[in-house]
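# Descriptive structure summary
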Amino acid sequence: MTGERPQPSPRPLSEVAAPHWLTQLLSTTTTPVHWGQLVRAAAALSVPIAAGSITGHTGIGIEAALGALCGTFVARRGPYRFRLRHMGWATLAGATGFLAGGLAAGNGWVTSAVIVGLAVVSEVISTAGATASAAGLQLLIFAILGAGQPLTSGPVLATGWFLAGAGWAVLLAIAAWPVRATAPERAAVAAVYEQMAAMLAARQWRQTAQARQRLTAALNDAYDALLTARSRLEGRDETYRRLFALLSDATPVIEASVAAIKTRNHTPPHEIDALRAIADAIRANRPLPNPDPGPAPETALGRALRDLCRDGDADTHAPPHTRRSYRERLTTWLDDALGGPATWTHAARLALCIALAEVASRQLDLERSYWVALTVALVLKPDFGSVFARAVLRAGGTVFGVLLGAAVLLIDPRDWALPLAVAILAAPLPLAKERNYGLFSISMTPLVIVLVDLTQAGSASLLSARLIDTILGCAIVLVFGYLCWPDSRRPQLGTQMATATDTVARYAARALAAHPAGHSTLRRTTYRTLSDLRVAAQRLIPEPSRAGRNAAAWWPAIIGLERLTDAITRAALDTPPPTADVDQIVTAIQEIATAIRAERPPADQPLPAEGPLSVVAADIIALRGALRDPLQSY
């Protein structure tokens, strides 16, 4: 048939193999190179060093560069308000830790006790969200650095230079705000349409699946960006109103795109070009183009695009956003942080490992002993991914990073060569952070070594000292922060899978109803939940323990649940199916969620054998089969 796409059929769920843990450990995330971020990182760290070298105050330049390093660690793309808030809180926490560590330095076990106490505070702070998690980590990292090295200007004045360097990094990140204003938000909305075009243009099943995942991530980023920006605005803003309209009106286009992928129909090239033209218009803040009607008959996607371009620039109200008071947010955080046993378990684990690092450093009389505790702090961050994977990658990455850093110090760069070396080492840091933690360690280690060990330039002993410190820190984490805690190796995906399945059941009940009011919001929530589930599985698969094997067993079922959700989205575009068939579908999905919680195979439920929901029923049957292995692995 001329309308069929030359694309292989999706593989059966039983053939979808989870990646081997070692493959996952070494794999990198494919991300585009954002040259502006790389240039900002190089400038943020090299300029303070250059200023210090020119004025003859290299020590002060290093203290300012440490502040810039703090800002570079947490630099993120996105709306300027988000950048300012995220970097601002993180650098403030880093300066607080730097001051506390500097004041406590040189007092023996009292210094160690302060670092352990800050480790507990750091972990408790981290429960308040992504920004707080970054701030908590910076608090601990720079407390260790402040306590571990001599400060040229004294603790208080050195903290002032630290803040100056951090302010410089923040200024670079938001410098284009006055002239580019809403450009990051427009780019976030445009990315949604670009990812739709990429998904429809894909010719292989694996490419299509990856593009659909990127579309979900783009939607999450766009909504987060606009809601964050809107919460800070007074009254109505025409630009944000238009962006909200374009994002809200993307729902029928997304549903039509998912339906086209599900039925494997060939998407006309002019419709893919129309999506890209819409993305370009949004990014450039131009009116939407009139789409080419193309040959008859018009597809569902073509109609959705035509309606979008006709109504996309209309005066549409942004969704209501109720901003909670600081008191309400503080109360919620206190309830979650102080009342949750998981928080205190993680805090106890981190405090134990930091304490052991301090004891080992002092008892073994290690040179620059803070590097052991620094390794523990960077590795033992459960919300950043697999502790095992980070420990292995940190150790391996540090071996290469130490060789590079030691080579730079053996050359003993002076004058203009020092800021040039720092710029070269700092530039790849943002890209490495996004692609792989091992690459991040390779990039970060020589940079930190050059900044904090400059006084040892020309010393060959630095190489062995840093390797010993890193291996010791990773060993402490693996034994006392991972192996000794059963929760680290216990299967954890079952509850998340059951919750996601319940969400899919609610979405099916709403989307397939005769009057599906408000189903687009629930659809977005469902896909976000599935995205979080996939990320959680990918973080666990590198574990060689039972948790990793269990995550690998869940992988086909996660893919099956995503396919089931796509089938529901496709069915929602057709004529509303019979209520009895919808009830059977919802009941069968709910039974799957119940079975997962009960750790038993799901019972067979009656399903529509024909009609518009027969494809959905087939995906439910396939999902039941995919659940056999993970439920038997308990």
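No experiment lies behind these values; they were computed from the predicted model shown. (Residues numbered from 1 in each chain as written. Predicted model: local features only at pLDDT ≥ 70, side-chain atom pairs only at ≥ 80, totals over all residues. Heavy atoms only, no water.)

Here we take up the pattern of salt bridges. Counting across every chain of the model gives 7 salt bridges. Between R600 and E591 there is a salt bridge, with its nearest N and O atoms 2.9 Å apart. You can call E591 buried: its relative accessible area is 13%. (Salt bridge = Lys/Arg side-chain N within 4 Å of Asp/Glu carboxyl O. Buried < 20%, exposed > 50% of the residue type's maximum accessible area, 1.4 Å probe, protein only.)

On to the nonpolar core. Residues L45, L69, I144 and I354 are the most contacted members of the largest nonpolar core, which totals 72 residues. Setting aside chain neighbours within four positions, we find I144 in contact with I115, I354, Y370, A373, L374 and A377. Ranked by size, the runner-up nonpolar core spans 44 residues in total, among them A500, L540, I585 and I592. (Core = buried A, V, L, I, M, F, W, Y, C linked by side-chain atoms within 4.5 Å. Contact = heavy atoms within 4.5 Å.)

Another point: the environment of V170. On the secondary structure map, V170 appears in helix 7 (residues 155-174). On the basis of relative accessible area, V170 is assigned to the buried category, the value being 11%. Along the sequence, V170 and A44 sit 126 residues apart, while their C-alpha atoms lie 8.8 Å from each other. (Helix = DSSP H or I, 4+ residues; strand = E, 2+ residues; numbered from the N terminus.)

By secondary structure assignment, the location of S257 is in helix 12 (residues 250-262). Beyond its immediate stretch of four places on either side in the chain, S257 contacts M196, M199, L200 and L301.

We now examine the side chain of R624. Examined against the element boundaries, R624 turns out to sit in helix 28 (residues 614-626). Relative accessible area serves as the criterion here: at 12%, R624 is assigned to the buried category. The contact partners of R624, leaving out residues within four places of it in the chain, are A588, I592, P602, A603, D604, Q605 and L607.

Two elements in contact, helix 2 (residues 35-55) and helix 19 (residues 417-426), have axes separated by 8 Å at closest approach and are oriented at 165°. In this view, helix 2 runs roughly antiparallel relative to helix 19, as classed from their interaxial angle. Crossing handedness for the pair helix 2 and helix 19: right-handed. Residues A41, A42, L45, S46, I49, A50 and S53 of helix 2 lie in contact with helix 19, whose contacting residues are L418, P419, V422, A423 and A426. Grouping the constituent residues of the contact of helix 2 with helix 19 by class yields 10 nonpolar, 2 polar and no charged. (Axes fitted to C-alpha atoms, helices over the stretch in contact; angles between N-to-C directions. Parallel < 35°, antiparallel > 145°, perpendicular 65-115°, else oblique. Left-handed = near helix turned anticlockwise from the far one by under 90°. Nonpolar A, V, L, I, M, F, W, Y, C, P; charged D, E, K, R; others polar.)

It is worth spelling out helix 3 (residues 58-74) at this point. For the α-helix, the turn length of 3.6 residues means that residues three or four positions removed from each other point alike. Taking 1.5 Å as the rise per residue, helix 3 with 17 residues should run 24 Å; its terminal C-alpha atoms sit 25 Å apart, in good agreement. The buried count for helix 3 comes to 15 of 17 residues, which makes it a mostly enclosed element. (Expected span 1.5 Å × (residues − 1).)

This brings us to the packing of aromatic side chains. Tallied over the entire structure, the rule returns 3 aromatic pairs. For the ring pair F73 and F142, a centre distance of 6.4 Å and an interplane angle of 50° mean the geometry is tilted. Placement of F73 in helix 3 and of F142 in helix 6 (residues 130-148) is noted, with a sequence separation of 69 residues between them. You can call F142 buried: its relative accessible area is 0%. Geometrically, the ring pair formed by F142 and F162 is edge-to-face, given 5.3 Å between the ring centres and 75° between the ring planes. Taken together, the residues F142 in helix 6 and F162 in helix 7 connect sequence positions 20 residues apart. On the basis of relative accessible area, F162 is assigned to the buried category, the value being 0%. Over the ring of W109 we find R362; its NZ or CZ atom is 5.6 Å from the centre of that ring. (Phe/Tyr/Trp six-rings, centres within 6.5 Å; stacked < 30°, edge-to-face > 60°. Lys NZ or Arg CZ within 6 Å of the ring centre and 35° of its normal.)

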